[in-house]
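# Survey of secondary and tertiary structure
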Amino acid sequence: MASSSRNKRSVNTVDENAASVISDWLENWEEDADDEEKEEDFSSYVPNDVLSDNEDAEYIPSDHNTDSEESATSDVASDVDHEIAVSDISHYYYGKNRFKWSSNPPTRNVRTPSHNILRLPSIRRNNNSEVLDPVDAFRLIFDNRIMEIILNWINKKLEDIRNKNTNADKYMIRDTDVIELKGFISILIYTSVFKSNSESILSLYANDGSGRNIFRATIAMRRFLVLLVALRFDNFADREERKRTDPACAITEMINLFVENSQKNYNPGANMTIDEMLIAFRGRCKFKMYMPSKPAKYGLKMQCLVDSKTFYVYNTYLYTGKDSDGHTLNSEERKASIPTQAVIRLCKPIYGSNRNITSDNWYSSLELLEALKNRGLTTVGTLKKNKREIPLAFLPQKDKVVGSSLFGFTKDCTLVSYVPKKNKAVILYSSMHHDNTIDTTTNKPEVIMEYNRTKGGVDAVDQKCSVYSCSRRTVRWPLAVMFRIFDMCGTNAFVIYQSQKESVKLTRLKFLKSVARSLNETNLKTRMYNSRLPRNTRFIISEIIQEDLPNDVDETNEDKLPREQRKYCFLCPKKIKRKTAYICNACGKPICLSCSKKVCRQCAVRTTD
């Protein structure tokens, strides 16, 4: 009897004669067994109606409920060949959509797969063997192009403010320069170092001893507030027109430059993590999201690709609403599901590198596994239990032993179900692992151990940015995103600095302090020579940069007011009404020489502090 004819046979299990028909098939099978190939797939003998009536069955059973069927099975078991064939049937699991999983791992008589070869993260050096200082590492990410764009548009906004407010103080809304802008950025970094990003500006600049001298020495309080209000990152004149194609056009260029610099200066390791990051924001924005699992609850979502070991942000983009995940993808890639589109978009810079991508169950699917496989990548992740490819045997069941594992295999994928506690099951898949290895220490599958090692990349970056954050309360969402970019520039620069074997080991706190001090050095020296500043402020600056005041400064006349601006002494009686050209060193009020006392420089600084 030809095998092709047997494969086409079917029987309805509801029929009373079904058991006898199956028994006849098994008896006739022995007669023709010698004429057929021994490696024939016995699963083809499974009646079609068995699958159709039991569509949710996780594997094809070798026995049935009726007594006649049990006798037929015992006849088969008496023969060795039949026993092997029947056992082969039980080695397969079937999902709800009849997706087939084998209980045996695939045989691989080859060398170690390329996707299991370890790659160490490293910095990219352009023929430069010099050791980078902290500020040099920071400038690799936050380069001059970003600085020039911010400088250009902040001056445009200051000009617009001057035109609309003709009676405003022109000196306070004057154009800024690179030196002052670096000082402004250093102030933001200092607020993250001191963890005072939520503290009031009045408190930071207080001169009653509770404030910090570095803020008053770097930039005046009113000037800092003006620059903060005028901070812009694009041309606000044609923004409305650009919003039609790019809702995030106000900050897109800054994000793209940050990503470009991050990819240009660092090689990530073998394992990458993809996850979302929520930027806290409660102002008005049409793509603001609510995520109850995040600490901030409300904010803007950024999709991130991060090195799982060093927590280096390698790629990111801002989610701006429906269909924004498919931006930059072709028409064929846009046909995939939204989570798959997000992963494909983030992984473009590492196509063909055989790296592994770890993701949670929002991204994970067999569709994603196939897409990454075609692009030279592997993936490990958790799966939602409602995926139709998952067999019922892998789902939570009451009779499963705690700590047990169940494996399913295909040619390119491994499925594992682990029972952490009673009535629970964790389901993961991997295209990186191809066996049923169990960790002897924890009794957990190697797939789960790998997932636990690499799942926290984005969450670690989010935590680092929250610990030292320069973000200030604002109602402008582009500014909230830019604050997070400042924080990620700091984390990436620190990774680059640490990757140098010759660099001095620093904590991230000392690293950020060093960056802020270096950015602010030129600004402090410039302000020390500014005769408009109070003498005590210049004394503070000289102590910070550890340099003496210039000798050419006329210290006796530096605080004198011009004749036309002289005021009455605030301590003299009304009958005398002396006009004076001097002001108090501590309070700044006008005072005559008769009502004042001379003190030395050190005492003047102490009095001010």
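Presented here is a report on the structure given in the accompanying data block. (Residues numbered from 1 in each chain as written. Predicted model: local features only at pLDDT ≥ 70, side-chain atom pairs only at ≥ 80, totals over all residues. Heavy atoms only, no water.)

What follows is about the nonpolar core. In this structure, Phe 142, Ile 251, Met 254, Leu 318, Trp 477 and Met 482 are the most contacted members of the largest nonpolar core, which totals 122 residues. The greatest single-element share of this core, amounting to 15 residues, is contributed by helix 18 (residues 477-498). Excluding residues that lie within four positions of it along the chain, Ile 251 makes contacts with Phe 233, Leu 318, Trp 477, Pro 478, Val 481, Met 482 and Ile 485. (Core = buried A, V, L, I, M, F, W, Y, C linked by side-chain atoms within 4.5 Å. Buried < 20%, exposed > 50% of the residue type's maximum accessible area, 1.4 Å probe, protein only. Helix = DSSP H or I, 4+ residues; strand = E, 2+ residues; numbered from the N terminus. Contact = heavy atoms within 4.5 Å.)

Along the chain, the position of Cys 587 falls in the loop between strand 15 (579-580) and helix 21 (601-608). A residue is classified by how much of its surface remains accessible, and Cys 587, at 44% relative accessible area, is partly exposed. Counting along the chain gives 380 residues from Cys 587 to Asn 207, while the straight-line C-alpha distance between them is 9.6 Å.

When their charged atoms lie close together, side chains carrying opposite charge are able to pair. Within the structure shown, the criterion is met by 21 salt bridges. With a closest N to O distance of 3.4 Å, Lys 335 and Glu 332 form a salt bridge. Since its relative accessible area comes to 64%, Lys 335 is described here as exposed. Residue classification places Glu 332 among the exposed residues on the basis of a relative accessible area of 56%. We note a salt bridge from Lys 373 to Asp 412, for which the minimum N-O separation is 2.6 Å. Highlighted residues: Lys 373 in helix 15 (residues 366-374) and Asp 412 in the loop between strand 11 (405-409) and strand 12 (414-418), separated in sequence by 39 residues. Lys 373 gets classed as partly exposed once you look at its relative accessible area, which sits at 39%. Taking relative accessible area as the criterion, Asp 412 reaches 24% and is therefore assigned partly exposed. When salt bridges with common partners are traced through the structure, they connect Asp 234, Asp 238, Arg 239 and Arg 242 into a single cluster. (Salt bridge = Lys/Arg side-chain N within 4 Å of Asp/Glu carboxyl O.)

Another point: helix 19 (residues 508-528). Over its 21 residues, helix 19 runs 29 Å from end to end, which matches the ideal 30 Å to within 8%, given 1.5 Å per residue. At Glu 521, helix 19 is deflected by roughly 40 degrees, the largest bend along its length. Here helix 19 has its buried residues at Arg 508, Phe 511, Leu 512, Val 515, Ala 516, Leu 519, Asn 520, Asn 523, Leu 524, Arg 527 and Met 528. Where helix 19 is buried, its residues meet helix 6 (134-141), helix 8 (178-193), helix 10 (213-218), helix 17 (457-467), helix 18 and helix 20 (535-545). (Expected span 1.5 Å × (residues − 1). Bend = angle between axes of the 7 residues up to and from the residue.)

It is worth spelling out unusual backbone geometry at this point. Its identity as a non-glycine residue notwithstanding, Thr 328 has a phi of 75 degrees, on the positive side. Summarising the element assignment, Thr 328 is placed in the loop between strand 8 (313-318) and helix 14 (338-347).

Residue placement: Arg 508 occurs in helix 19. The side chain of Arg 508 sits in the buried core without any salt bridge; Asp 487 is the nearest counter-charge, 7.3 Å away. A polar contact of 2.7 Å, which involves the side chain of Arg 508, links it to the backbone oxygen of Lys 464. In contact with Arg 508, not counting residues within four places along its chain, are Lys 464, Val 467, Tyr 468, Thr 491 and Phe 494. (Lys, Arg positive; Asp, Glu negative; His and termini not counted. Polar contact = N/O pair within 3.5 Å; in protein donor to acceptor, adjacent residues only side chain to side chain.)

On inspection of all chains with the given rule, the structure shows 15 aromatic pairs. Each ring, one from Phe 99 and one from Trp 101, has its centre 5.0 Å from the other, and the planes form 55 degrees; the classification is tilted. Between Phe 184 and Phe 224 the ring centres are 5.3 Å apart and the planes differ by 40 degrees, which places this aromatic pair in the tilted class. Of this pair, Phe 184 sits in helix 8 while Phe 224 sits in helix 11 (residues 221-230), and the two are 40 residues apart along the sequence. Its guanidinium or amino end placed over the ring of Phe 236, Lys 157 lies 5.3 Å from that ring's centre, counting from NZ or CZ. Lying over the aromatic face of Trp 362, Lys 301 brings its terminal NZ or CZ to 5.2 Å of the ring centre. (Phe/Tyr/Trp six-rings, centres within 6.5 Å; stacked < 30°, edge-to-face > 60°. Lys NZ or Arg CZ within 6 Å of the ring centre and 35° of its normal.)

No statement about biological role is implied by the geometric values presented.
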